[in-house]
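# Geometric and topological summary
Here is what each chain is made of, one letter per residue.
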Amino acid sequence: MKIKSILVSQPAPNAESSPYLEIAKKEKIKIDFRPFIHVEGVDAKELRTQKIDLSNYTGIIFTSKNAIDHYFRLAEEMRFAVPDSMRYICQSEAIANYLQKHIVYRKRKISFGEKSMADLAPLFKKHHDEKYLLPCSDVLTDETARVLNTAGIDWTKAVMYRTVASDLSDINIDEYDMLAFFSHQGIKSLFQNFPKFEQGDKKIAVFGVSTKQAAEEAGLKVDIMAPTKETPSMTMAIEKYIKATQK
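Quick caveat, the model's predicted, so the values are computed rather than measured.

The next thing to look at is the overall build of the protein. Counting its secondary structure elements, the protein contains nine helices and eleven strands. Residue burial in the protein is summarised as follows: out of 247 residues, 46% are buried. Put simply, of all contacts in the protein between residues at least 6 apart along the chain, 67% involve residues at least 24 apart. With the model as given, the accessible surface of the protein reaches about 13700 Å², and the carbon-plus-sulfur share is 49%. A distance of 3 Å separates the average location of the 36 positive side-chain charges in the protein from that of its 33 negative side-chain charges.

In structure tokens, the structure reads:
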């Protein structure tokens, strides 16, 4: 089947040089973008039901920019002045740099890892005596919990935001020859919005092992998988598939 249209379950890229736009132009394909999921913050009342008192913690573990925004939002909502002495452990340098949106960066105790949670183990060993809070979504990865438990630190999870399905009722899903997904929540959103969805000849592209697993558990046939050694990005995987099938 010739691929003429693709729906990517993410926001449209800002850059005009996006690989998606290059594929669309080169292969003469229509590519639309639409987030299948979005983030909603919890309020102070809901945080209190988790028995979280922000003043009880001397360190914060940040694994995403969303976590930073919602922590400082709730701190303001609860009239908690985050002390200058707070220690910040961030999963990556990019996340650490994002703190500048909320604090004076150079005057704070900030450490960060390379990329993964496992990279933070030496930092937890060095700063072992803090009482840590982990602002996170309602979906906490097994790796995050495993690293924190193995580190033997005093840490508490605080659900400060949730990933929920977006309203896609204005979309005609049958218009597209291919759907591209990047999370298991995206797969869940597909069936919440289109409970009678049947794949038929439609091609499914997925990014990540957990997304692939969710797709297959939902009864979908995965045609395109990324990242792989040959195709480390979704765009590379899609382009390779199109070229192979449309010769």
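Right, let's get into unusual backbone geometry. Cis geometry is found at the peptide bond from Ala-226 to Pro-227, where omega equals -5 degrees. Tracing the sequence through the fold places Pro-227 in the loop between β11 (222-226) and α9 (234-245). At Lys-28, a position not held by glycine, the phi torsion is positive, near 55 degrees. Among the structural elements, Lys-28 can be located in the loop between α1 (19-27) and β2 (30-33). In this structure, Lys-51 takes a positive phi of about 60 degrees despite not being glycine. Its location among the elements puts Lys-51 in the loop between α2 (44-49) and β4 (59-62).

It is worth spelling out the sheet that holds strand β5 (residues 87-90) at this point. As summarised here, the arrangement of the six strands in space is β3-β8-β7-β4-β5-β6, forming an open sheet in which the pairing is mixed. Strands with a single pairing partner mark the edges of an open sheet, and in this sheet they are β3 (37-41) and β6 (109-112). In this sheet, adjacent strand axes meet at a mean angle of 25 degrees when their direction is disregarded. Against the sheet, helix α3 (residues 65-77) engages β3, β4, β5, β7 (131-137) and β8 (154-165), with an angle of about 105 degrees to β8.

This part is about the sheet that holds strand β10 (residues 203-207). Here five strands make up an open sheet; going across it, the order is β2-β1-β9-β10-β11 and the pairing parallel. Pairing within the sheet leaves two strands with one partner each, and these edge strands are β2 and β11. The sheet shows a mean angle of 20 degrees between the axes of neighbouring strands, direction not considered. Contacts between helix α8 (residues 209-217) and the sheet are confined to β9 (178-181), β10 and β11, with β11 contributing the most and set at about 165 degrees to the helix.

This next bit is on α9. For α9, spanning twelve residues, the distance from its first C-alpha to its last is 17 Å, which sits close to the expected 16 Å at 1.5 Å a residue. For α9, the secondary structure elements touched by its buried residues are β1 (5-8), α1, β9, β10 and β11.

For the rest of this paragraph, the subject is the packing of aromatic side chains. Tallying each qualifying case throughout the model produces nine aromatic pairs. Note on Tyr-20 and Phe-33: the rings are 5.3 Å apart at their centroids and 85 degrees apart in plane angle, and the pair reads as edge-to-face. Linking Tyr-20 in helix α1 with Phe-33 in strand β2, this pair joins segments that are 13 residues apart in sequence. When sorted by exposure, Tyr-20 lands in the same class as Phe-33, which is buried. Measuring from ring centre to ring centre gives 5.1 Å for Tyr-71 and Phe-72, while their planes differ by 85 degrees; the resulting arrangement is edge-to-face. Accessibility expressed as a relative area gives 0% for Tyr-71, which makes it buried. Put simply, the rings of Phe-62, Tyr-71, Phe-72 and Tyr-88 pair up and form one aromatic cluster. Geometry around Tyr-57 places Lys-131 over its ring, the cationic atom sitting 5.6 Å from the centre.

Here β3 pairs with β8 via five bridges, running antiparallel. Within β8, the residue paired with Val-39 across the bridge is Thr-163. Where β7 meets β8, seven bridges bridge the pair, whose relative direction is parallel. For Leu-134, the partnering residue across the bridge sits in β8 and is Lys-157.

Helix length check: α3 (13 residues) gives 18 Å between terminal C-alpha atoms against 18 Å at 1.5 Å per residue, within 8%. Along α3, the residues that are buried comprise Ala-67, Ile-68, His-70, Tyr-71, Phe-72, Leu-74 and Ala-75. Two to three positions downstream of the cap, the backbone nitrogen of Asn-66 sits 3.5 Å from a side-chain oxygen, assigning the N-cap of α3 to Ser-64. Positive phi shows up at Arg-79, right after α3, with a value of about 55 degrees.

Analysis parameters
- Residues numbered from 1 in each chain as written.
- Predicted model: local features only at pLDDT ≥ 70, side-chain atom pairs only at ≥ 80, totals over all residues.
- Heavy atoms only, no water.
- Helix = DSSP H or I, 4+ residues; strand = E, 2+ residues; numbered from the N terminus.
- Buried < 20%, exposed > 50% of the residue type's maximum accessible area, 1.4 Å probe, protein only.
- Contact = heavy atoms within 4.5 Å.
- Areas by Shrake-Rupley, 256 points an atom, 1.4 Å probe, with all protein chains shown as cover.
- Lys, Arg positive; Asp, Glu negative; His and termini not counted.
- Charge placed at Lys NZ, Arg CZ, Asp CG, Glu CD.
- Pairing = 2+ DSSP bridges.
- Axes fitted to C-alpha atoms, helices over the stretch in contact; angles between N-to-C directions.
- Expected span 1.5 Å × (residues − 1).
- Phe/Tyr/Trp six-rings, centres within 6.5 Å; stacked < 30°, edge-to-face > 60°.
- Lys NZ or Arg CZ within 6 Å of the ring centre and 35° of its normal.
- Polar contact = N/O pair within 3.5 Å; in protein donor to acceptor, adjacent residues only side chain to side chain.

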